[in-house]
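Secondary and tertiary structure notes
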Amino acid sequence: MTRLVPGDPAPDFTLTAHDSTTVSLTDLRAAGRHVVVYFYPAAMTPGCTTQACDFRDSLDALAASGFTVVGISKDGVDKLAAFAERDGITFPLLSDPDHAVLEAYGAWGEKTNYGRTSVGTIRSTVVVDPQGVVELAQYNVRAKGHVAKLRKDLGLDQ
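Note that the coordinates shown come from a computational prediction; the quantities given were computed from them, not determined experimentally.

Brief notes about the overall build of the protein chain
Looking only at helices and strands, the protein chain has five helices and nine strands in total. When the helices and strands of the protein chain are listed from N to C terminus, the series reads β-β-α-β-α-β-α-β-α-β-β-β-β-α. Against the globule reference of 15 Å for 158 residues, the protein chain gives a C-alpha radius of gyration of 14 Å, in line with a compact fold. In terms of principal-axis extent, the alpha carbons of the protein chain reach across some 40 × 35 × 30 Å. Going through the 158 residues of the protein chain one by one, you find that 51% of them count as buried. Counting only contacts in the protein chain whose residues sit at least 6 apart along the sequence, the fraction spanning at least 24 positions is 63%. Summed over all atoms, the accessible surface of the protein chain reaches about 7,600 Å², with 49% contributed by carbon and sulfur. Of the charged side chains in the protein chain, 15 are positive and 19 negative; the average position of the first set lies 9 Å away from that of the second.

What follows is the structure, encoded as structure tokens:
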């Protein structure tokens, strides 16, 4: 599995969002904004809910600093719509059912949880600059406290 590192070109993508719109990385970058692309294992689970709500609660501050947020999982659009409605998620949750984008970003592969090895989504965050270059790539992140760490790593809390 290849993981992205700062300086790599970010793989472009076009996926369906929870509201049935089509969202592409190219369009998100077109506004001259940085894009936080975070990958999570499964909507409606405790850790993924914690992380999504953390991004939701930090959305205004991130937007004011020039960042747009999108979340990507292998979940279907219907499940993502229910997740967004239940938790008031206002940024795009994108469906990648064949995990092609997850794989392109190095967020799909073997992982260990409670001593068991499986293949699936690796909780990850990649920040893409307005030119389409990876600015930051973090893998195996923790759901709780991740947004605060991300803000610190991006120099937004100085």
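Here's the deal with the pairing of strand β3 (residues 34-39)
The buried fraction of β3 amounts to five of the six residues, a majority that puts the element mostly inside the structure. Taken together, the five bridges between β3 and strand β8 (residues 124-128) define a ladder with antiparallel strand orientation. The residue of β8 that forms the bridge with Y38 is T125.

Brief notes about the pattern of salt bridges
Scanning the model with the defined rule gives four salt bridges in all. A salt bridge links K149 to D153; the nearest nitrogen and oxygen atoms lie 2.6 Å apart. Placement of both K149 and D153 in helix α5 (residues 146-153) is noted, with a separation of four residues, approximately one turn of the helix. Under the relative-accessibility criterion, K149 is labelled partly exposed at 45%.

Quick look at the sheet that holds strand β9 (residues 134-139)
Hydrogen bonds between backbone groups are what pair the strands of a sheet, and the pairing can be parallel or antiparallel. With mixed pairing, seven strands are arranged side by side in an open sheet as β2-β1-β5-β4-β3-β8-β9. Among the strands making up the open sheet, the edge pair consists of β2 (22-24) and β9. Each strand of the sheet is rotated relative to its neighbour by a mean of 30°, with strand direction disregarded. Docked against the sheet, helix α2 (residues 46-64) engages β3, β4 (67-73) and β8, running at close to 160° with respect to β4. Sheet strands in contact with helix α3 (residues 77-87) are β1 (14-17), β4 and β5 (93-95), and its direction is about 165° off that of β5.

Re the packing of aromatic side chains
Under the counting rule described, the total for this entry stands at seven aromatic pairs. Between F13 and Y105, the ring centres sit 6.2 Å apart and the planes meet at 65°, which makes this aromatic pair edge-to-face. Residue F13 is located in the segment before β1, and its partner Y105 is located in the loop between α4 (100-104) and β6 (108-113); the two are separated by 92 residues in the primary sequence. The pair formed by F13 and Y105 is uniform in burial state, with each residue classed as buried. On the basis of an interplanar angle of 45° and a centroid distance of 6.2 Å, the ring pair of Y40 and F83 is categorised as tilted. Taken together, the residues Y40 in the loop between β3 and α2 and F83 in helix α3 connect sequence positions 43 residues apart. Look at Y40 and you get buried, because its relative accessible area is 0%. Each residue in the set Y38, Y40, F55, F83 and F91 is aromatic and connected to the rest through ring pairs, giving one cluster.

Thresholds, definitions, all that
Residues numbered from 1 in each chain as written. Predicted model: local features only at pLDDT ≥ 70, side-chain atom pairs only at ≥ 80, totals over all residues. Heavy atoms only, no water. Helix = DSSP H or I, 4+ residues; strand = E, 2+ residues; numbered from the N terminus. Rg over C-alpha atoms; globule rule 2.2 N^0.38 Å. Buried < 20%, exposed > 50% of the residue type's maximum accessible area, 1.4 Å probe, protein only. Contact = heavy atoms within 4.5 Å. Areas by Shrake-Rupley, 256 points an atom, 1.4 Å probe, with all protein chains shown as cover. Lys, Arg positive; Asp, Glu negative; His and termini not counted. Charge placed at Lys NZ, Arg CZ, Asp CG, Glu CD. Pairing = 2+ DSSP bridges. Salt bridge = Lys/Arg side-chain N within 4 Å of Asp/Glu carboxyl O. Axes fitted to C-alpha atoms, helices over the stretch in contact; angles between N-to-C directions. Phe/Tyr/Trp six-rings, centres within 6.5 Å; stacked < 30°, edge-to-face > 60°.

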